[in-house]
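What follows is each chain in one-letter form.
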Amino acid sequence: MVDCVFSGLSDPGLLRTSNQDDYYIDPEGRFFIVADGMGGHAGGQEASRLATAAIKTFLQQHWHKDIATAQLLEQALRQANNAILDDQRRHPERADMGTTVVLVTFRDSDPQPWCAHVGDSRLYRLRGHHLEQLTEDHTWIAKAIRAGEVSSAQSRSHPWRHVLSQCLGRDDLTEIDIQPIEVHSGDRLLLCSDGLTEELSDHLIASHLKSIRACEAAATALVNSAKQRGGRDNITVVVVNLSAPSGSVNS
């Protein structure tokens, strides 16, 4: 069983008057959620809040049931999607609201953590000096990069870089990416909204995570660095340090 310490931080940034991001850290370290809402001031806030609350409640109610983790995560995200759709029907003024989400779980019944995500909120893993993005953005620009139509350098300033191909709050939700995550003792995980990655390159993110070991200090440094570079969007980060008794995980 991998043990972990963790910390999270959310900031509205320098240009937004409200924070449409939301996050939740289970006090026991069983699961972590970051959501980035959209659809106007009230809509975005409500969508991310509804998603986080629905996922949290579903996981708490079904955590110890004999359900495969992949199925558990899909059902949790479907529940969140339905919660947003129900709210849209009751409040037509929020009909365009939606949210991205990234979720990581640590269950005793699994030898490794699992991740589920929709949209462009991301999960990273730092191992030694190497930072790797473990999720694949559900965006127009990500598909264009994979197709060789746009370079990674061009993507950082492309006018369509924020266009999502999938998010929670849609009747046609099809892309829910769910995967086990390989971790070693000493790895660090970072869940974040695109308010961080819009301002900081992977190189800068890795630099902060490598140089600041304490989770709370690392989270604060990442948010402050994004604000120093513009802070144009809400910024949310959750940092998880993984450790384990000797011999309990591969190295």
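Residues numbered from 1 in each chain as written. Predicted model: local features only at pLDDT ≥ 70, side-chain atom pairs only at ≥ 80, totals over all residues. Heavy atoms only, no water.

Trainee: Honestly, the sheet that holds strand β7 (residues 130-133) in this entry has me stumped. Any pointers?
Mentor: Within a beta sheet, neighbouring strands are joined by backbone hydrogen bonds and run either parallel or antiparallel to one another. Strand order in the open sheet formed by five strands is β1-β10-β9-β6-β7, with antiparallel pairing between adjacent strands. Since the sheet does not close on itself, it has two edges, and those belong to β1 (3-11) and β7, each with one partner. Pairwise comparison of adjacent strand axes, ignoring direction, gives a mean angle of 15° for this sheet. Sheet topology places strand β9 (residues 188-192) next to strand β10 (residues 235-243); five bridges connect them, and they run antiparallel. Paired with Cys 192 across the bridge in β10 is Val 237. Contacts from helix α6 (residues 202-211) reach β6 (122-127), β7, β9 and β10, with the element oriented near 55° to β6. (Pairing = 2+ DSSP bridges. Helix = DSSP H or I, 4+ residues; strand = E, 2+ residues; numbered from the N terminus. Axes fitted to C-alpha atoms, helices over the stretch in contact; angles between N-to-C directions. Contact = heavy atoms within 4.5 Å.)

Trainee: Is there a simple way to think about the confidence of the model for the protein in this case?
Mentor: Regions with low pLDDT carry predicted coordinates that are not meant to be interpreted in detail. Confidence in the prediction for the protein averages 91 pLDDT; 91% of positions are at 70 or higher. Under a pLDDT of 50 for its full length, residues 244-251 has, in the predicted model, 14 contacts with residues more than four places off or in other chains. (pLDDT = per-residue confidence, 0-100.)

Trainee: How should I be thinking about the pairing of strand β3 (residues 31-38) in this particular structure?
Mentor: Within a regular strand, the side chains alternate between the two sheet faces. In terms of burial, β3 is largely enclosed, as seven of its eight residues are buried. Count of turn residues in the strand β2 (residues 21-25)/β3 antiparallel hairpin: five residues, of which Gly 29 carries a positive phi of about 75°. Bridge analysis of β3 against strand β4 (residues 98-105) gives eight bridges, and the strand direction is antiparallel. In the sheet register, Phe 31 faces β4, and the bridge partner there is Thr 105. (Buried < 20%, exposed > 50% of the residue type's maximum accessible area, 1.4 Å probe, protein only.)

Trainee: Hey, could you run me through the packing of helix α1 (residues 41-62) against helix α2 (residues 69-90) in this one?
Mentor: The description of two helices packed together rests on the angle between their axes and the distance between the axes. Running from N to C, α1 and α2 point in directions that differ by 140°, and their axes come no closer than 8 Å. As judged from the angle between their axes, α1 and α2 are oblique. The two elements α1 and α2 meet at a crossing, and its hand is right-handed. Listed contacts from α2 to Glu 46, Ala 47, Leu 50, Ala 51, Ala 54, Ile 55, Phe 58, Leu 59 and His 62 of α1 are Leu 72, Leu 73, Gln 75, Ala 76, Leu 77, Gln 79, Ala 80, Ala 83, Ile 84 and Asp 87. When the residues that make up the contact of α1 with α2 are grouped by side-chain class, the tally is 14 nonpolar, three polar and two charged. (Parallel < 35°, antiparallel > 145°, perpendicular 65-115°, else oblique. Left-handed = near helix turned anticlockwise from the far one by under 90°. Nonpolar A, V, L, I, M, F, W, Y, C, P; charged D, E, K, R; others polar.)

Trainee: Any chance you could explain the environment of Glu 136 here in plain terms?
Mentor: Summarising the element assignment, Glu 136 is placed in the loop between β7 and α3 (140-146). The spacing of Glu 136 and His 64 is 72 residues in sequence and 29 Å in space, taken between C-alpha atoms. Not counting residues within four places of it along the chain, the set of residues in contact with Glu 136 comprises His 117, Gly 119, Arg 146 and Asp 177.

Trainee: Looking at this model, I keep getting lost on the packing of aromatic side chains. Mind explaining?
Mentor: In this description, an aromatic ring pair is defined by two values, namely the gap between the centres and the angle between the planes. If you walk through the whole model with that rule in mind, you get four aromatic pairs. Ring centres of Tyr 24 and Phe 31 lie 5.8 Å apart, and the angle between their planes is 35°; on these two criteria the pair is classed as tilted. The same class applies to Tyr 24 as to Phe 31, namely buried. Ring geometry for Phe 32 and Phe 106: centres 6.1 Å apart, planes at 85°, overall edge-to-face. Taken together, the residues Phe 32 in strand β3 and Phe 106 in the loop between β4 and β5 (114-118) connect sequence positions 74 residues apart. We classify Phe 106 as buried; its relative accessible area is 6%. Clustering of aromatic rings is evident, with ring pairs tying together Phe 6, Phe 32 and Phe 106. Sitting over the face of the ring of Trp 63, Arg 30 holds its NZ or CZ atom 5.3 Å from the ring centroid. For the cation-ring pair, Arg 107 lies above Trp 63, with the distance from its terminal atom to the ring centre recorded as 5.7 Å. (Phe/Tyr/Trp six-rings, centres within 6.5 Å; stacked < 30°, edge-to-face > 60°. Lys NZ or Arg CZ within 6 Å of the ring centre and 35° of its normal.)

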